[in-house]
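The chain contents come next:
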Amino acid sequence: MSYSEYDVDQWSEAIANLHANTEHDPGDGRQAYEAIANVWSAYGYQDAPTEVIKMLVNACEIGYMAALNDLRDGDLDAQIQMWRPDLAEQ
């Protein structure tokens, strides 16, 4: 199955919008960028078109920022509380 450039542009725009809506603090965006840059450079997949790579990196950053938002809001699941009980005490 193949996709048009229009399809990729639409997906990229949707991910960019979600990225912007997930970044509640400029520091979160910076932390996500640095964390994902380290992961992405170790992964080494650089052969995709630039728009596709940007979309994938933004999607990864969204997950990182969403986790930071959850931690900030105290929305900790049972596994986080098991691994880091000190976070649940705050």
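Bear in mind the structure is a predicted one, so any value in this text is a computation, not a measurement.

Asks: Looking at this structure, I do not really get helix α1 (residues 5-22). What am I missing?
Replies: In this model, α1 (18 residues) spans 26 Å end to end at C-alpha, consistent with the 26 Å of a helix rising 1.5 Å per residue. Among all positions in α1, only Val8, Ser12, Ile15, His19 and Thr22 are buried. Looking down the long axis of α1, one finds its buried residues gathered within 90 degrees of arc, a one-sided arrangement. For α1, the exposed residues set more than 90 degrees away from the buried face come down to Tyr6, Ala20 and Asn21.

Asks: Please explain a nonpolar patch on the surface as it appears in this structure.
Replies: Side chains of Met1, Tyr3 and Trp11 sit close together on the surface and give an oily, nonpolar patch of about 430 Å² of accessible area. For Trp11, the location among the structural elements is in helix α1.

Asks: Please explain the packing of helix α2 (residues 26-43) against helix α3 (residues 50-73) as it appears in this structure.
Replies: Axis angle and axis distance: for two packed helices, these are the angle between their axes and the distance between the axes, and together they describe the pair. Between α2 and α3, the least distance of the axes is 9 Å, while the angle of their chain directions is 130 degrees. One element, α2, and the other, α3, form an angle in the oblique class. Note on packing geometry: the crossing formed by α2 with α3 is right-handed. Taking contact as the criterion, the partners of Asp28, Gly29, Gln31, Ala32, Tyr33, Ala35, Ile36 and Trp40 in α2 are, on α3, Ile53, Leu56, Val57, Cys60, Glu61, Tyr64, Met65, Leu68, Asn69 and Arg72. Here the residues of the contact of α2 with α3 sort into twelve nonpolar, three polar and three charged.

Asks: It is not clear to me how the pattern of salt bridges should be interpreted in this structure. Could you clarify?
Replies: Counting across every chain of the model gives one salt bridge. Salt-bridge contacts for Arg72 lead to Asp28; the nearest nitrogen and oxygen are separated by 2.8 Å. Residue Arg72 is found in helix α3, and its partner Asp28 is found in helix α2; the two are separated by 44 residues along the sequence. Judged by its relative accessible area of 48%, Arg72 falls in the partly exposed class. Asp28 gets classed as buried once you look at its relative accessible area, which sits at 3%.

The rules we used
In this numbering scheme, every chain counts its residues from 1 along its sequence in written order. Note on the predicted model: pLDDT of at least 70 is required for a residue's local features to be given, and 80 or more for side-chain atom pairs to be given and counted; whole-chain, interface and lining totals, by contrast, use all residues. In computing side-chain properties, one takes all heavy atoms of the structure into account and sets aside hydrogens as well as water. Helix and strand assignments come from DSSP, with helices taken as H or I runs of at least 4 residues and strands as E runs of at least 2, each series counted from the N terminus. A helix is expected to reach a length of 1.5 Å times the quantity of its residues less one. Residue burial is assigned from relative accessible area. The probe radius is 1.4 Å, only protein chains are included, and a residue is buried under 20% of its type maximum, exposed over 50%, and partly exposed in between. Note that the arc is defined by the directions from the helix axis to the C-beta atoms. By definition, no residue in a patch forms a salt bridge, and every one has over 30% relative accessible area; like charges are joined within 9 Å, nonpolar side chains (Val, Leu, Ile, Met, Phe, Trp, Tyr) within 5 Å. To measure how exposed things are, a 1.4 Å probe is used in the Shrake-Rupley method; for residues, cover is taken only from the protein chains shown. Salt bridges are defined as contacts in which a side-chain nitrogen from Lys or Arg sits within 4 Å of a carboxyl oxygen from Asp or Glu. Fitted lines through C-alpha atoms give the axes, limited to the stretch in contact for helices. The angle between two N-to-C directions lies from 0 to 180 degrees. Should an angle lie under 35 degrees it is considered roughly parallel, over 145 roughly antiparallel, and from 65 to 115 roughly perpendicular; all remaining angles are considered oblique. Crossings are classed by handedness, with left-handed meaning an anticlockwise turn of the near helix from the far one by less than a right angle and right-handed meaning a clockwise turn. Between two residues, a contact is recorded if the distance between any of their heavy atoms is within 4.5 Å. Three residue categories are used. Nonpolar comprises Ala, Val, Leu, Ile, Met, Phe, Trp, Tyr, Cys and Pro, charged comprises Asp, Glu, Lys and Arg, and polar comprises the others, including Gly.

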